[in-house]
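Chain by chain, the residues run as shown.
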Amino acid sequence: VSRVIPVDTFDLVIFGGTGDLARRKILPGLFRRFAAGQMPEAAQVIGAARSDMDVTEYRSMIRDALKEFSDKAEQGDDVIDGFLEHIDYAQVDAQGDDGWDALREKLRDGVVRAFYFSVAPFLFGDIAERLKTRGLSDDQSRIVVEKPFGRDLETARSLNRTLATFFDEGQIYRIDHYLGKETVQNLMAVRFGNILFEPLWNSQFIDHVQITVAETVGVGGRGSYYDKSGAMRDMVQNHLMQLLCLIAMEPPARFEPDAVRDEKLKVIRALEPVAPNEVVRGQYEGAEGENYVDHAEDPRSTTESFVAMKVQVANWRWQGTPFYLRTGKKLRSRVSEIVVRFREPPHSIFGKDAGGRANELAIRLQPDEGMDLRVTIKEPGPGGMRLVDVPLDMTFAEALGPDAEEVPDAYERLIMDVIRGNQTLFMRGDEVEAAWAWTDPIIANWEEAKVRPAKYDSGTSGPEASLELLHRDGRRWRDIR
Ligand code: BG6
C-alpha cells in the first residue's frame, strides 16, 4: 500500500556532500524516498564540497555509500542508477570565492530551493552569507542546519543572530533527528489522539516519568568531536530535552509548527535549575584499549559519556512529579524508552497484602517500537482475591500488520518536511536557546567544582550513583534489557 504524498520539484544542495552524514543518512534517506516513488522526476540533489571531482566520480561515491548504508540498495543497480540521475556535484569553497557562480548556474527558478548545512558549525555563517550575497537564495529558499547548534547559550545566540542576518526564522530548519523518528511523533498521537491518557496526565495521577536513551556503541572514531561535547551537550540538551517536552507539554490547539513549538518552549522555560546532587556524570571503562579515555583527545579527559538527572517541571500540571532522564554510551543494550509510572490507587479494597502494583505505561521508541501498559488483574485460582500485574504489550509493527507502510527513517521524513515547508518537527531558535540556558549552569558547575565523572563498566546500566539517584526517592529505574 503506498500512501506517498507528492512533493514539489526541488533543488537540494548538500554542503558537506562528501561527508559522513551525507553518505550515511542524508543520501540514503533521499534514496528511500526515490525508491518509494516520492522523488519528483525533475528533482535535483547537488552535493557541494571542497574536493576536486566530477559528477561521475561523485555518483560513484554515492553508489558506494548506498551499497554500504542503505537497506534499499538490494533493489538493484537499475534503481540506484535511476536515483543517481538526480545527483550532481559542485566544487565550492565555503570560505572563499570559488565555485559559487557555477553552483548558482545549476539552480533553477520556480522550484523549491533548499540548502543543507552538513558541515562543521564554524562554516554556517560563511555559507549563509554567500548564499545570500551571491544570489543563490531568495526569500522562499530554506536552509537546514545540523546539530550541534552552538555549544552553550552564547554561541547558540550568536549563531542565531548570524543566520537571522540572511534568513527569516521561517526559512531556518534546525534538525533534531529525534523529532523525525516515527515513534517520537507517536508520542503526540498517543497523548492527544486518545481520551484515555490526557485526563490522567498530571501530578495528581503520575508519580514520576523516566526517559532513557541507552546506547551500546562507544565514542569510537568520533572521539575528537565527542570529547569536547560530552553526553550533556550531545544528547541531553537536544534529544532528551525534546522527548521531555513532548511528554510534558500542554496540548497545542493544532498540530502546527508554532502551536507545537510554543508549548515545548514553555516546558523548557518552566524547568527548575538542577541541583548538583541531582545530576550524575559517568564515564565508561572497558577492557584494555576500550576505555572512554582511549578514544578521547586527552587521556585524562573528564568528559562524560553518561548523564542521569532528576528534573522538575515547575508548573501547575507537574508540581511534585519528577522526570528522571538518563543517557549513555556503552550500556547494556540499545533502548530508548519513556516510562510513565502512575500513582497507586488511593485506596485498596482488597487490603494492602493483596498484591498488584501501580500502573505503568512504557513507550518504546527504539528498537521494537511499541508500548506496554502494566495493569493489575486477579491472579487465577480459588485462593481468594490475589492480584498480579500483567503487561498489555503491543509492538506497533505487529499491531499495524504486514500491509502497513514501512517506517521511514528520521532523516528521510525530515528532508521531505523541508521540501514541503513544514517546520513542526524542527527546533525554533528560541527553543534551542532556552535549552542551553538550562543546561549551561549544570555544565558550568561541573567545570567549576571539577566534578569528575563516576566510572562505570561497559555493558552495565551506568554508574551506581545513577541507581542511587532514584533509590533515595524510593524509586528504581526500569531495567535496560
Ligand atoms: C546523535 C549523537 O545526535 O544521536 C550521537 O551525536 C548518538 O552521539 C545519536 O549516537 C543517537 O541517535 P540514534 O538515532 O541512533 O538513537
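Residues numbered from 1 in each chain as written. Predicted model: local features only at pLDDT ≥ 70, side-chain atom pairs only at ≥ 80, totals over all residues. Heavy atoms only, no water.

Moving on, we come to the pattern of salt bridges. One side chain can pair with another of opposite charge once the charged atoms of both are near each other. The full count for this structure, using the stated rule, is 49 salt bridges. Across the pair Lys330 and Glu290 runs a salt bridge, and its minimum N-O distance is 3.8 Å. Linking Lys330 in the loop between β10 (323–328) and β11 (335–342) with Glu290 in the loop between β8 (279–285) and α11 (292–295), this pair joins segments that are 40 residues apart in sequence. Judged by relative accessible area, Lys330 falls into the partly exposed class, the value being 21%. Classification of Glu290 by relative accessible area gives partly exposed; the value is 36%. Sharing partners across several salt bridges, the network here consists of Glu337, Arg341, Arg357, Glu360, Arg364, Asp372, Arg374, Asp389, Asp393 and Arg478. (Salt bridge = Lys/Arg side-chain N within 4 Å of Asp/Glu carboxyl O. Helix = DSSP H or I, 4+ residues; strand = E, 2+ residues; numbered from the N terminus. Buried < 20%, exposed > 50% of the residue type's maximum accessible area, 1.4 Å probe, protein only.)

In terms of burial, strand β1 (residues 10–15) is a largely internal element, 6 of the 6 residues being buried. Residues Phe10, Leu12 and Ile14 of β1 are buried on one face, and the alternating residues Asp11, Val13 and Phe15, pointing to the opposite face, are buried as well. By the bridge criterion, 6 bridges tie β1 to strand β4 (residues 112–117) in an arrangement that is parallel. By the bridge assignment, Ile14 is partnered in β4 with Tyr116. In this sheet, strand β2 (residues 44–49) lies alongside β1 in parallel orientation, the contact comprising 5 bridges. (Pairing = 2+ DSSP bridges.)

With that settled, consider the domain arrangement of the protein. Partitioning the protein into domains gives domain 1 (10–146) and domain 2 (179–471). Relative placement of domain 1 and domain 2: their C-alpha centres are 33 Å apart. The partner domain 2 presents 11 residues to the 18 residues of domain 1 that form the contact. Across the interface of domain 1 and domain 2, roughly 1,300 Å² is buried in total on both sides, 61% from carbon and sulfur atoms. Summed over the shared surface of domain 1 and domain 2, the result is 2 salt bridges. Here Arg32 and Glu412 are joined by a salt bridge, their closest N and O atoms 3.0 Å apart. On inspection of domain 1 and its partner domain 2, the count reaches 5 residue pairs in polar contact (both at pLDDT 80 or more). Ranked by residues supplied to the side of domain 1 that touches domain 2, first place goes to helix α1 (residues 20–35) with 7 residues. In the side of domain 1 that touches domain 2, the residues fall into 9 nonpolar, 2 polar and 7 charged. (Domains from an automatic or database assignment. Contact = heavy atoms within 4.5 Å. Buried area = accessible area lost by both parts, 1.4 Å probe. Polar contact = N/O pair within 3.5 Å; in protein donor to acceptor, adjacent residues only side chain to side chain. Nonpolar A, V, L, I, M, F, W, Y, C, P; charged D, E, K, R; others polar.)

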